[in-house]
Structure formats: C-alpha cells, structure tokens
Amino acid sequence: DQQVKQNSPSLSVQEGRISILNCDYTNSMFDYFLWYKKYPAEGPTFLISISSIKDKNEDGRFTVFLNKSAKHLSLHIVPSQPGDSAVYFCAAPGAGANNLFFGTGTRLTVIP
Amino acid sequence: DTGVSQNPRHKITKRGQNVTFRCDPISEHNRLYWYRQTLGQGPEFLTYFQNEAQLEKSRLLSDRFSAERPKGSFSTLEIQRTEQGDSAMYLCASSPREKVPGELFFGEGSRLTVL
C-alpha cells in the first residue's frame, strides 16, 4: 500500500529551465512532507520540507508547494543546473514521526 | 568524516548464510534508523532506536532479521538464513534529539546480494 506516490520515474530538463517534480499522497493524516535527493552510490540527503499548515516553502532555487485538498505536492527547481541531476524522493513521516514513507523516486536529468 | 558510516559497503553471500551490517551514526545523534531499498523503490522503514532502546519495528522485519544498538552508539543489523529476496541496499540513518520531523542523515548504505 503505497501511501506516497511519485508517478513519473524520470524527467529531463534543459539547464536553466524549471524542473517540476510531483508527488501525491493518500493518507490525510500526514502533516509534514520532505524531499530528499540521492546521487549514485550515496545515501539520500534531505533537501527541503513543508508543514501542512503552509502551502509553500522556498529555499534558494528550491520551492515546495503543497495542495492539501488535492493531496499533492510538487518541488520546483529554478533554474535547473546539471548538478541537480539525481533521484528525488518525496517522503512523509508516519504517526509518531519515527518512520518515513517514501515515494518511488523521480530521476531528474538536467541537460547542459 | 563525521557522517553516518556503514560497513561493509558491499556483501555477496550465498542463500542460507548469515550476514551482519554495522552502522556508526553521527556521534551526537541519539536516534538511529534502518531502512531497506530495492531496485526501483524508495527506502522502506525497518526499525528505529532511541539510544539503546528499539522502539519501533516494521512488519518487513521478519524473525530472520535482528537489530541491536547495545550501548546507544553503533548498531548492527543481522539477517539469518538469507534469501534471494533479501537482496537490497540497507540504509542506516540517524537524527539528533531535537529533530525536524523526518529529517534524517543517511549513510551510503550496505548493498547485499544473495546468490
């Protein structure tokens, strides 16, 4: 039972353009969401998060938008850079916040 | 290097053998987690420690799996009588006492291949 879903396995974007990565969730009890980035042969690293009391959180080139009514969030990267090429995972903490539910990931390729 | 350290990085074993992975968390982090990631999937939660206490276990953690954190520092994950379905990347993560919900610091993982 996949509670966090990323339906696009891959995305290619030209350098300098906007990358938009999407994530849907089914559990309305989730109240916090995170994006992790993973390079090959490395563990995932935390990128940005958003609380359910907000609809937007921005950190430099990265912005996460949350639409609670649609149970949808998205990560915008602008401008995209080749170093952004990685797998991006959407995640949400379960009850008690001791376990994270991850999506299946989206592989972003930024073309120079 | 003060990040999360995992050993070994790669392990190839035959079905039925036992394997053990070790995780050294970031020293000031009292919370430690094990996750498993298979090809094409995101990480899946296995278990959580706060100091030496194992406080949560996923149903993915069958009775062939055992995790310990004896002194609240490093942790081990042992898999007994390995099966081919155990082939995966085993990720360890830690987080500090006042953590942001879900912000974990992951190690590079230990890749298990069961032949």
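Because the structure is predicted, anything quoted here is derived from the model rather than measured.

Colleague: Looking at this structure, I do not really get the side chain of Gln37(B). What am I missing?
Modeller: Here Gln37(B) is to be found in strand β4 (residues 31-37). Excluding residues within four positions of it along the chain, Gln37(B) makes contact with Lys38(A), Phe89(A), Gly42(B), Pro43(B), Ala88(B), Met89(B) and Leu91(B).

Colleague: How should I be thinking about the sheet that holds strand β7 (residues 65-68) of chain B in this particular structure?
Modeller: Residue and element names in this part refer to chain B. Pairing is antiparallel across the open sheet formed by 4 strands, whose spatial order is β1-β3-β8-β7. One side of each edge strand has no neighbouring strand; the edge strands of this open sheet are β1 (5-7) and β7. Taken pair by pair, the neighbouring strands of this sheet meet at an average axis angle of 15 degrees, ignoring direction. Judged from the 5 bridges that link them, strand β3 (residues 19-24) and strand β8 (residues 75-79) form a sheet pairing that is antiparallel. Residue pairing across strands places Val-19 opposite Ile-79, the latter belonging to β8.

Colleague: What exactly am I supposed to notice about the sheet that holds strand β6 (residues 56-59) of chain A here?
Modeller: Residues and elements named next belong to chain A. The strand order across the open sheet formed by 5 strands is β1-β3-β8-β7-β6, and the pairing between neighbours is antiparallel. Each end of this open sheet is capped by a strand with a single partner; those strands are β1 (4-5) and β6. Bridging between strand β3 (residues 19-25) and strand β8 (residues 72-77) involves 6 bridges; their strand directions are antiparallel. Bridge pairing in β8 links Ser-19 to Ile-77.

Basis of the calculations
- Counting of residues starts from 1 at the beginning of each chain's written sequence and follows it residue by residue.
- The naming scheme follows written order: chains are lettered A onward, ligands numbered 1 onward.
- It should be noted that, the model being predicted, local features are given only for residues of pLDDT at least 70 and side-chain atom pairs only at 80 or more, the latter also being counted only at that level, while totals for whole chains, interfaces and linings use all residues.
- Calculation of side-chain values draws on the structure's entire complement of heavy atoms; hydrogens and water are dropped beforehand.
- Here a strand is any run of E in DSSP of at least two residues, a helix any run of H or I of at least four, and the numbering for each starts at the N terminus.
- Any two residues whose heavy atoms approach within 4.5 Å at even a single point are treated as in contact.
- In this description, strands pair whenever DSSP reports at least two bridges between them.
- Geometry is summarised by axes, namely lines fitted to C-alpha atoms with helices restricted to the contacting stretch, and by angles between N-to-C directions that run from 0 to 180 degrees.

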